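Each chain, letter by letter, is given below.
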Amino acid sequence: NGTIGKNVTVRAQMIVFGPQAYIIGDFSYQSSEKAQIASSARIAGKTTFSRISGPERYSWGNTLALLGLAWLLKLIAFAVAVLALFFLLPRRMMQLTEAGTNAFWRELVRGFVVLVVWPVALFILFFSVVGWVLALIGLFAYLFLLFASAIVTVFITAGLLQKYAFKGSAGSIDWPKLLLATVVLFLIGLIPVVGWFIVLAIYLSAIGVTARLGYDLARR
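Every value quoted in this text rests on a predicted model; they were computed, and no experiment measured them.

Here's the deal with the sheet that holds strand β5 (residues 27-31)
Taken in spatial order, the three strands make up an open sheet running β2-β5-β8, and their pairing is parallel. Both outer strands of the open sheet, β2 (8-11) and β8 (47-51), are each paired with one neighbouring strand and no more. Within this sheet the neighbouring strands show an average axis-to-axis angle of 10 degrees, counted without direction. Both β2 and β5 contribute to a ladder of four bridges, which runs parallel. When the bridges of β5 are listed, V8 appears paired with F27.

Next comes the structure, spelled out in structure tokens:
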């Protein structure tokens, strides 16, 4: 309902011209229906109309495709990281797998305590006079712990599968079992609520066993 001093190009579901509308140029538009133009509205140039097939709606198919691609890329990234650690640090990873599998519930409780208490301790240190440097170091260590534990989660999943599904020792897993565990873990994560709690439980156990190993290495 105002003056536009140049050409106008519009793509919209509905276009309305008020009585004071004045386009000093051409008007080209795409819509599912013709524009509603008041009788006193003026268009100095030519008007071009192209009809589109109905209102455009959000494409959930594209969104699901992108989510599926992101899920697949994350799965591949985890698989590569897990295999790299398996071949680079076989003894250490088997140690973590056995500890996280055979003492699953104990490590789960430890992981929950670490997950909750560590940030509280960092918060207290950060606002102390001399503790802020330690808080920054602790923050980086905490973030590294969370990241490393996400990878260890796959190893514990493989250990649980080896122990309960294949009736073997958790410390004798091989790389095909790790790939299988990666896929199983990601598929469980797709199950609403129940699957999320299962993944969280394994992740907490991974945090517990990884934190304990880090503490033992620091003591040594």
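Re the packing of aromatic side chains
Within this structure, the stated rule accounts for 10 aromatic pairs. When the centroid spacing of 5.4 Å and the interplanar angle of 70 degrees are considered together, the rings of F78 and F186 count as edge-to-face. In this pair, F78 sits in helix α1 (residues 60-88) while F186 sits in helix α5 (residues 175-189), placing the two residues 108 residues apart along the sequence. With respect to class, F78 is no different from F186; both count as buried. Here the aromatic cluster, defined as three or more aromatic residues joined through ring pairs, consists of F17, F27, Y29 and F49. Across the ring face of F166, the terminal group of K177 is positioned such that the distance to the ring centre comes to 4.5 Å.

Regarding the nonpolar core
Residues F104, V152, F155, I156 and L178 are the most contacted members of the largest nonpolar core, which totals 33 residues. Taken together, the elements giving at least two residues each to this core come down to α1, α2 (90-102), α3 (104-126), α4 (132-165), α5 and α6 (194-219). Here this core gets nine residues from one element, more than from any other, and that element is α4. With near-sequence residues (within four places) excluded, V152 lies in contact with M93, L96, A206, V209 and T210. With nine residues, the next largest nonpolar core counts V8, F17, A21 and Y29 among its residues.

Things to note about α6
An ideal rise of 1.5 Å per residue puts 38 Å on 26 residues; α6 measures up with 38 Å between its terminal C-alpha atoms. Three or more residues of α6 are buried, namely G195, A201, I202, L204, S205, A206, I207, G208, V209, T210, A211 and L213. Buried-residue contacts for α6 involve α2, α3, α4 and α5.

Quick look at the pairing of β5
Alternating positions in β5 separate cleanly, F27, Y29 and S31 being buried on one face and S28 and Q30 remaining unburied on the opposite face. Pairing of β5 with β8 involves five bridges; the strand directions are parallel. Across the sheet, Y29 pairs through a bridge with F49, a residue of β8.

Calculation criteria
Residues numbered from 1 in each chain as written. Predicted model: local features only at pLDDT ≥ 70, side-chain atom pairs only at ≥ 80, totals over all residues. Heavy atoms only, no water. Pairing = 2+ DSSP bridges. Helix = DSSP H or I, 4+ residues; strand = E, 2+ residues; numbered from the N terminus. Axes fitted to C-alpha atoms, helices over the stretch in contact; angles between N-to-C directions. Phe/Tyr/Trp six-rings, centres within 6.5 Å; stacked < 30°, edge-to-face > 60°. Buried < 20%, exposed > 50% of the residue type's maximum accessible area, 1.4 Å probe, protein only. Lys NZ or Arg CZ within 6 Å of the ring centre and 35° of its normal. Core = buried A, V, L, I, M, F, W, Y, C linked by side-chain atoms within 4.5 Å. Contact = heavy atoms within 4.5 Å. Expected span 1.5 Å × (residues − 1).

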